[in-house]
Amino acid sequence: MCGIVGFCGKLSAKEVVLNGLEKLEYRGYDSAGISLFENGKIKTIKRVGMLSVLEDALKGSNLDSNVGIGHTRWATHGEPSEKNAHPQNSNDGTISIVHNGIIENFMELKEKLTKKGYVFYSDTDTEIVANLIHYYYKNDLKEAFKKATDEISGQYAIAMISSHDPSKMYAIRHDAPLVFGVCKDGNMVSSDVASIIKYTKEVIYLDNDELVEMSCDSFTIFDKEGRRLAKKISLITWDETSATKAGFDHFMLKEIFEQPKLINQLVSSRIKNELPKLSFMYSKEELQSFENIYLVGCGTAYHAGEVGKYVIEKWLKVPAVSEIASEFRFKTDFINEKSLVIFISQSGETADTIAALKEARSKGATTLAITNVVGSSITREAQNVLYCEAGPEISVASTKAYTTQLIVLYFFALQAAMELESLSLEEVKNITKEMKMISGKIEVILENLDIYKRIAEKIKDDAALFYIGRSLDYLTAKEGALKLKELTYIFTEAFPAGELKHGPLALIEKNTPVIALLCQDNMQEKTISNIKEVKARGAYTVAIAPFGSKNVKEVCDDVIFIPASIDMLSPVTAAIPEQLLAYYTSVAKGLDVDKPRNLAKSVTVE
């Protein structure tokens, strides 16, 4: 959601902060702003719209300093406007802050400060924090910053500068992402390492309520009680080029094409002597002690969890439940110390998922996180972690994170099945053999893009579109529907093919596009029957099916053929054509593929 960048060093803060904000554009925003020093006083420039509007406002300006903060805002409190954009300043202009999150007790604090004579010019909760810091300032900026942040409740990452000491910057986090970069030419903070990597690979992942005080050549980190901390410096393993388009028209297309290599690396590094070998696994006794298994996530991660539930039940022969994170907290009656709850999040910062994790831990459950981001909040809250190792995913629509989440879930289920002896070693070896072939199959799919462009032209102007499938195909269809709706703004829904007669068939009329998944051998005949039902009512039908599938060309208007996979692995290969279809339809409509409207990559507020 909102993005924070702050720099304190020997370089131009304006250049560093603007460059950092550019790297955070994928998070989604409606306005942007920056605060710098001019003759020892804070100068704040804010604009509504794209970051380029702010950059234009700064062109030709001599405004610059070696210390500065910047922000891209996603409106939560107050409409998108210059007055509501960040940074927000205290009434006298001596304090300037940027903030990501939500201050839950802002009304109470606003009332308190209003009685003290403070005036509020924006509709934001952030302006309240700036004035609260000012209220507590008694010639000690760190103490004022700490007192103010101790008084607020909610989720927040905050960075502050002040004209009382233009050489310093302060930052703190509580349940919102904030990473500290140790640079050769200074120090910086950001919501994401993507905006730091150009300047350093050395970072410190701040834990909740840790406050960092920094100058151009030093920094000190304090815990909640004010004690100095010696924090470990972590090394970012990828470089700046990983967060560029590398010659592709969009990040999404680049990330789609990265999948064969990433999956090959993920698979090959986790197979030893034809058997799965994860960095972490529960013992047979621990697995047998779990009375229930839950998989929890939001959006695409939830869809990965649904596939994971199916796989766990088939391979481990135990019941599992997949749940949307925002709903999970209201369904915890059966969560206890004999529960295993698996939390899935690309960013590791998804607010609903982290809140669900905390709820599960409060009930005594064993928690496991599957994430793509080392050092993210979820990795510090969960007891154990498995990484997707997909590298930075910039496009809002998830592609490579989804398929690598599936691969990690497959390995988890396979190794757990070995421990429980619910699959024979021969069965496990056969599956790992098939997994080794996935990347090659995806490469075949990516060889022919013309069919996606052609179908995109046919469906780009439709008001509604439907995906259908059965069993695993239905789960894959749900992910395809999500991709298409978020990228093209076409109302898209997925239905179990067998449910058409129970309501959805009423939505079919002449030329309504229906995309059918037929990637499981034992489901094809029944799904073909359902295709005929919608075809008889005038639907334009597209099938995604393995090469050699019988009778599919005869009943469908268009067919996207893909290499066959064993049923359990079909969600990985079948996801690729869904991603390409959503991508090319968005391109055909002339939309912003990487940053669809109203959406953010990392949803850090509930």
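Only a predicted model underlies this, so the values are computations on that prediction, with no experimental measurement involved. (Residues numbered from 1 in each chain as written. Predicted model: local features only at pLDDT ≥ 70, side-chain atom pairs only at ≥ 80, totals over all residues. Heavy atoms only, no water.)

(A) Up close: the overall build of the chain. Looking only at helices and strands, one finds 20 helices and 27 strands in the chain. Taken over the C-alpha trace, the chain has a radius of gyration of 26 Å; the compact-globule value for 606 residues is 25 Å, and the two agree within 12%. Counting only C-alpha atoms, the chain reaches 80 × 55 × 45 Å along its principal axes. Residues classed as buried in the chain amount to 61% of the 606 residues present. Nonlocal contacts in the chain, meaning residues at least 24 apart in sequence, comprise 71% of its contacts between residues at least 6 apart. Accessible surface, the chain: about 23,500 Å² in total, of which carbon and sulfur atoms supply 48%. (Helix = DSSP H or I, 4+ residues; strand = E, 2+ residues; numbered from the N terminus. Rg over C-alpha atoms; globule rule 2.2 N^0.38 Å. Buried < 20%, exposed > 50% of the residue type's maximum accessible area, 1.4 Å probe, protein only. Contact = heavy atoms within 4.5 Å. Areas by Shrake-Rupley, 256 points an atom, 1.4 Å probe, with all protein chains shown as cover.)

(B) Main features of the side chain of Thr 492. Relative to the helices and strands, Thr 492 is located in strand E24 (residues 491-496). A residue is classified by how much of its surface remains accessible, and Thr 492, at 1% relative accessible area, is buried. At 2.9 Å, the side chain of Thr 492 and the backbone oxygen of Ile 490 are in polar contact. If sequence neighbours within four positions are ignored, Thr 492 has contacts with Leu 465, Tyr 467, Ala 481, Leu 484 and Lys 485. (Polar contact = N/O pair within 3.5 Å; in protein donor to acceptor, adjacent residues only side chain to side chain.)

(C) Fine view of the sheet that holds strand E22 (residues 384-387). Taken in spatial order, the 5 strands line up as E19-E18-E20-E21-E22 in an open sheet, and their pairing is parallel. Looking at which strands have only one partner, the edges of the open sheet turn out to be strand E19 (320-324) and E22. The sheet shows a mean angle of 20 degrees between the axes of neighbouring strands, taken without regard to direction. Those strands touched by helix H9 (residues 299-316) are strand E18 (292-297), E19 and strand E20 (339-345), and its axis lies near 175 degrees from that of E19. (Pairing = 2+ DSSP bridges. Axes fitted to C-alpha atoms, helices over the stretch in contact; angles between N-to-C directions.)

(D) How the structure looks around the domain arrangement of the chain. Along its sequence, the chain is carved into domain 1 (3-236), domain 2 (243-446) and domain 3 (448-589). Its C-alpha centre places domain 2 at a distance of 25 Å from the equivalent point of domain 3. For the pair domain 2 and domain 3, the summed buried surface comes to about 2,800 Å²; carbon and sulfur atoms form 74% of the total. One can count 1 salt bridge joining domain 2 with domain 3. Among the ionic pairs, Lys 478 bridges to Glu 306, the shortest N-O distance being 2.9 Å. At the junction of domain 2 with domain 3, the criterion picks out 10 residue pairs in polar contact (both at pLDDT 80 or more). Of all the elements in the fold, those that place two or more residues in the side of domain 2 that touches domain 3 are helix H6 (251-257), helix H7 (259-268), H9, helix H13 (400-420), helix H14 (425-436) and helix H15 (438-445). Looking at which element gives the most residues to the side of domain 2 that touches domain 3, the answer is H9, with 10 residues. Class assignment of the residues belonging to the side of domain 2 that touches domain 3 gives a composition of 22 nonpolar, 8 polar and 5 charged. (Domains from an automatic or database assignment. Buried area = accessible area lost by both parts, 1.4 Å probe. Salt bridge = Lys/Arg side-chain N within 4 Å of Asp/Glu carboxyl O. Nonpolar A, V, L, I, M, F, W, Y, C, P; charged D, E, K, R; others polar.)

(E) Unusual backbone geometry, seen in detail. That bond from His 86 to Pro 87 is cis: its omega, 5 degrees, falls within 30 degrees of zero. With respect to the element layout, Pro 87 can be found in the loop between strand E4 (67-73) and strand E5 (88-89). Phi is positive for Asn 39, close to 55 degrees, though the residue is something other than glycine. Along the chain, Asn 39 falls in the loop between strand E2 (31-38) and strand E3 (41-48).

(F) Region of the structure containing the nonpolar core. Trp 315, Ile 342, Ile 407, Tyr 410, Phe 412, Met 435 and Leu 580 are the most contacted members of the largest nonpolar core, which has 89 residues in total. Examining the composition of this core, we find that 13 residues originate from one element, H13, more than from any other. Two domains each put at least three residues into this core: domain 2 (243-446) and domain 3 (448-589). In this structure, Trp 315 is in contact with Tyr 410, Ala 413, Leu 414, Ala 417, Ser 422, Leu 423, Ile 431 and Met 568, ignoring residues within four places of it in sequence. Residues Phe 7, Tyr 29, Ile 197 and Tyr 205 belong to the second largest nonpolar core, which totals 28 residues. (Core = buried A, V, L, I, M, F, W, Y, C linked by side-chain atoms within 4.5 Å.)

(G) Local environment of the pattern of salt bridges. Counting across every chain of the model gives 34 salt bridges. The salt bridge involving Lys 254 is made with Glu 258; its shortest N-O contact spans 3.6 Å. On the basis of relative accessibility, which here comes to 6%, the residue Lys 254 falls in the buried class. Lys 400 serves as the salt-bridge partner of Glu 258, at 2.7 Å between the closest nitrogen and oxygen. Note that Glu 258 is positioned in the loop between H6 and H7 and Lys 400 in helix H13, a separation of 142 residues in sequence. Salt bridges sharing common partners tie together Asp 207, Glu 210, Lys 231 and Arg 380.

(H) Highlighting the environment of His 134. Examined against the element boundaries, His 134 turns out to sit in helix H4 (residues 126-136). Looking at His 134, the relative accessible area reads 22%, which means it is partly exposed. Linking His 134 and Ser 96, residues 38 residues apart in sequence, is a C-alpha distance of 9.8 Å. Filtering out sequence-adjacent residues up to four positions away, His 134 remains in contact with Ser 90, Asp 92, Thr 94, Ile 95 and Tyr 118. There is a polar contact of 2.8 Å between the side chain of His 134 and the side chain of Tyr 118.

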